Amino acid sequence: MVIRHCAKCGIFWQGLGHDLSKYTMIEFLPGAKFYQGTRSPNEMERETNGFSRAWMHHKGHNKHHFEYWTDYNCVTKQVEAVPMDENYIIEMFCDRIAASKVYNGKKYTDSDTLNYFLRGRGRHLMHAQTAAKLEYLLDMLAEKGEKETFAFVRALHKSGKSLPLKEF
């Protein structure tokens, strides 16, 4: 599903390589062991072990996860979020839609992905610019639907222009 969404957004080749790390043993075995079908197996692995080794590996090997985009700031002496490259914001957008469709099944609506994002806002270490670009796309998806939003992203990506920011 993510590959299809990425193709519609103009990043087919990137989508083709989406989440290949899930086929490594460190991710595949816990994924099979903790699979439930209604939520990420990483949640059950965390509940069981206190952390998810599969998730730590996954987020460190897949640039479409905002958690990948953190670094140590020499001035503040803290780990901080840095802006994501736009291709990866687009892939993250596609991934979140696919996850919402899988987890919500027949009850899925185009606003589900936005609602999930809004419930977690402020609790995640995501750069403000990245969050504003993602929220812009999620708002558009909720208001205008997949077809128009994917066409917008594809045209914007093809033109080389930056993703717009959600204005607050």
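Residues numbered from 1 in each chain as written. Predicted model: local features only at pLDDT ≥ 70, side-chain atom pairs only at ≥ 80, totals over all residues. Heavy atoms only, no water.

1. Structural notes on the overall build of the protein chain
At step 1: In terms of helices and strands, the protein chain carries 9 helices and 2 strands.
At step 2: Ordered by position from the N terminus, the helices and strands of the protein chain form the series α-α-α-α-α-β-β-α-α-α-α.
At step 3: The C-alpha atoms of the protein chain give a radius of gyration of 16 Å, which matches the 15 Å a tight globule of 168 residues would have.
At step 4: Referenced to the eigenvectors of the C-alpha coordinate spread, the extents of the protein chain come out at roughly 50 × 45 × 30 Å. (Helix = DSSP H or I, 4+ residues; strand = E, 2+ residues; numbered from the N terminus. Rg over C-alpha atoms; globule rule 2.2 N^0.38 Å.)

2. A few points about a nonpolar patch on the surface
At step 1: Together, Leu20, Tyr23, Met25, Phe28 and Leu29 line one region of the surface with nonpolar side chains, adding up to about 580 Å² of accessible area.
At step 2: By secondary structure assignment, the location of Tyr23 is in the loop between α2 (12–16) and α3 (25–33). (Patch = residues over 30% accessible without salt bridge, like charges linked within 9 Å, V, L, I, M, F, W, Y side chains within 5 Å. Areas by Shrake-Rupley, 256 points an atom, 1.4 Å probe, with all protein chains shown as cover. Salt bridge = Lys/Arg side-chain N within 4 Å of Asp/Glu carboxyl O.)

3. A closer look at the nonpolar core
At step 1: Ile90, Phe93, Cys94, Met126 and Leu134 are the most contacted members of the largest nonpolar core, which has 27 residues in total.
At step 2: Every element with two or more residues in this core is listed here: α1 (2–9), α6 (86–104), α7 (112–120), α8 (128–144) and α9 (146–159).
At step 3: For this core, the element with the highest residue contribution is α6, accounting for 7 residues.
At step 4: Sequence-distant contacts of Cys94, defined by excluding residues within four places in its chain, comprise Val2, His5, Cys6 and Cys9. (Core = buried A, V, L, I, M, F, W, Y, C linked by side-chain atoms within 4.5 Å. Buried < 20%, exposed > 50% of the residue type's maximum accessible area, 1.4 Å probe, protein only. Contact = heavy atoms within 4.5 Å.)

4. What to know about the side chain of Asp139
At step 1: The topology assignment puts Asp139 in helix α8.
At step 2: Here Asp139 is in contact with Leu114 and Lys166, once residues within four sequence places are set aside.

5. Things to note about the pattern of salt bridges
At step 1: Taken as a whole and assessed by the stated rule, the structure comprises 8 salt bridges.
At step 2: A salt bridge links Lys133 to Glu86; the nearest nitrogen and oxygen atoms lie 2.4 Å apart. Highlighted residues: Lys133 in helix α8 and Glu86 in helix α6, separated in sequence by 47 residues.
At step 3: Taking the shortest distance from any N to any O, the salt bridge between Lys144 and Glu148 comes out at 3.8 Å.
At step 4: Relative accessible area serves as the criterion here: at 42%, Glu148 is assigned to the partly exposed category.

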